[in-house]
Amino acid sequence: MRGVTEVGDEKMAEKTRERGRPRGFDANAALDRAVEVFWRRGYEGSSLSDLTEAMGINRPSLYAAYGNKEELFRRAVARYAEADMAYAREALAEPTAYQVIARFLRANADALTRTDRPPGCLSIQGGLSDGSDGGSVAQFLAAGRLAGERALAERLARAVDEGDLPTGTDPVALARYVMVVSEGNAVHAAAGADRAGLHATVDIALRAVPRNPQGAG
């Protein structure tokens, strides 16, 4: 149980953040604009000036509302996962493993090439290498990708248990394969690959998905 002092400190911090926000401040809209900056420039390439200009706030307001650049980035990634990556969670609800993988990779290819968003994927382009943050951003993004891979592996393990995937299928390796295709497409999308090209890659990838002709799939 938290003490009275800790609760009081949290309330004081929240009041400080509220005072630092300009009138009419829309936290979600500001985060959406920060997402785009980080997406296009990466964590290291996004300066505070880039962020404050895009978000329509000054530096004191940014610090008051978000703490610092890294905390802003983490919140932007959470916003991105909630809005732009919803398709990944929805794919897990498909009735068969093949449909789960197909829906995920198809929706991913579409998301990577949306005309109203930067090409590629924030979780890939945000920070692939160590920088001035000591590598914490790259590790944070890698952990997020691994969590998604584990969720997919759990769904595929269930498919093995249900007889939807052939006995002996390694759900962890299959989930990793799917994520390698997804992440590879993200890199190519950022380099200019078009939607049709990504879907052609998905076509080939889906041929490798094992299916049990006597199972549910």
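Structure shown above.
### Points about the overall build of the protein chain
Inference 1: Helix and strand content of the protein chain: eleven helices and zero strands.
Inference 2: In sequence order, the protein chain lays out its α and β elements as α-α-α-α-α-α-α-α-α-α-α.
Inference 3: Across the 217 residues in the protein chain, those meeting the buried criterion constitute 41%.
Inference 4: Put simply, 67% of the contacts in the protein chain that link residues at least 6 apart link residues at least 24 apart.
Inference 5: Accessible surface, the protein chain as shown: approximately 11,600 Å² in total, 52% of it carbon and sulfur.

### Here's the deal with helix 4 (residues 59-66)
Inference 1: Of the residues making up helix 4, those classed as buried are Ser61, Leu62, Ala64, Ala65 and Tyr66. Each buried residue of helix 4 lies within a common arc of 170° when the element is viewed along its axis, so the set occupies one face.

### Section: the side chain of histidine 199
Inference 1: Within the fold, histidine 199 resides in helix 11 (residues 195-206).
Inference 2: Not counting residues within four places of it along the chain, the set of residues in contact with histidine 199 comprises Arg106, Ala109 and Asp110.

### Regarding the layout of surface pockets
One way to see where empty space is left: roll a probe the size of a water molecule over the atoms.
Inference 1: Empty space within the largest pocket amounts to approximately 570 Å³.
Inference 2: Lining the largest pocket are 27 residues, and of these Met85, Ala88, Gly144, Arg145 and Gly148 sit closest to its centre.
Inference 3: Elements with a contribution of two residues or more to the lining of the largest pocket: helix 5 (69-83), helix 6 (86-91), helix 7 (97-112), helix 8 (122-125), helix 9 (136-161) and helix 10 (171-190).
Inference 4: Sorting elements by how many residues they give to the lining of the largest pocket places helix 9 first, with seven residues.
Inference 5: The residue makeup of the lining of the largest pocket, split by class, is 19 nonpolar, five polar and three charged.

### A few points about helix 3 (residues 48-55)
Inference 1: Every buried residue of helix 3 is accounted for by Leu48, Leu51, Thr52 and Met55. On an axial view of helix 3, the arc spanned by its buried residues comes to 90°, and they lie on one face.
Inference 2: The elements touched by buried residues of helix 3 are helix 2 (27-45), helix 4 and helix 5.
Inference 3: Downstream of helix 3 by a residue or two, glycine 56 has a phi angle that is positive, lying close to 75°.

### Here's the deal with the pattern of salt bridges
Inference 1: Counted by the stated rule, this structure contains 14 salt bridges.
Inference 2: Residue aspartate 50 is joined to arginine 41 by a salt bridge in which the shortest nitrogen-to-oxygen separation is 3.7 Å.
Inference 3: Across the salt bridge formed by glutamate 94 and arginine 103, the nearest N and O atoms sit 2.7 Å from each other.
Inference 4: Glutamate 94 gets classed as buried once you look at its relative accessible area, which sits at 18%.
Inference 5: Each member of the salt-bridge network shares a partner with another, and the members are Asp84, Arg114, Asp116 and Arg117.

### Some words on empty space enclosed by the protein
Inference 1: Inspection of every chain in the model, using the stated rule, returns one cavity of 30 Å³ or more.
Inference 2: Taken as a whole, the largest cavity holds about 60 Å³ of empty space.
Inference 3: Along the walls of the largest cavity sit Trp39, Tyr80, Asp84, Tyr87, Asn108, Ala111, Leu112, Arg114, Arg117 and Gly120, which together make up its complete lining.
Inference 4: Ranked by residue count, the leading element in the lining of the largest cavity is helix 7, at three residues.
Inference 5: Classifying every residue of the lining of the largest cavity by side-chain character gives five nonpolar, two polar and three charged.

Parameters and conventions
- Residues numbered from 1 in each chain as written.
- Predicted model: local features only at pLDDT ≥ 70, side-chain atom pairs only at ≥ 80, totals over all residues.
- Heavy atoms only, no water.
- Helix = DSSP H or I, 4+ residues; strand = E, 2+ residues; numbered from the N terminus.
- Buried < 20%, exposed > 50% of the residue type's maximum accessible area, 1.4 Å probe, protein only.
- Contact = heavy atoms within 4.5 Å.
- Areas by Shrake-Rupley, 256 points an atom, 1.4 Å probe, with all protein chains shown as cover.
- Arc of directions from axis to C-beta.
- 1 Å grid on protein atoms, 1.4 Å probe; cavity = no way out; pocket = protein on both sides within 12 Å on 5 of 7 lines; lining within 4 Å.
- Points joined across faces, edges and corners; volume = space filled by probe spheres on them.
- Nonpolar A, V, L, I, M, F, W, Y, C, P; charged D, E, K, R; others polar.
- Salt bridge = Lys/Arg side-chain N within 4 Å of Asp/Glu carboxyl O.

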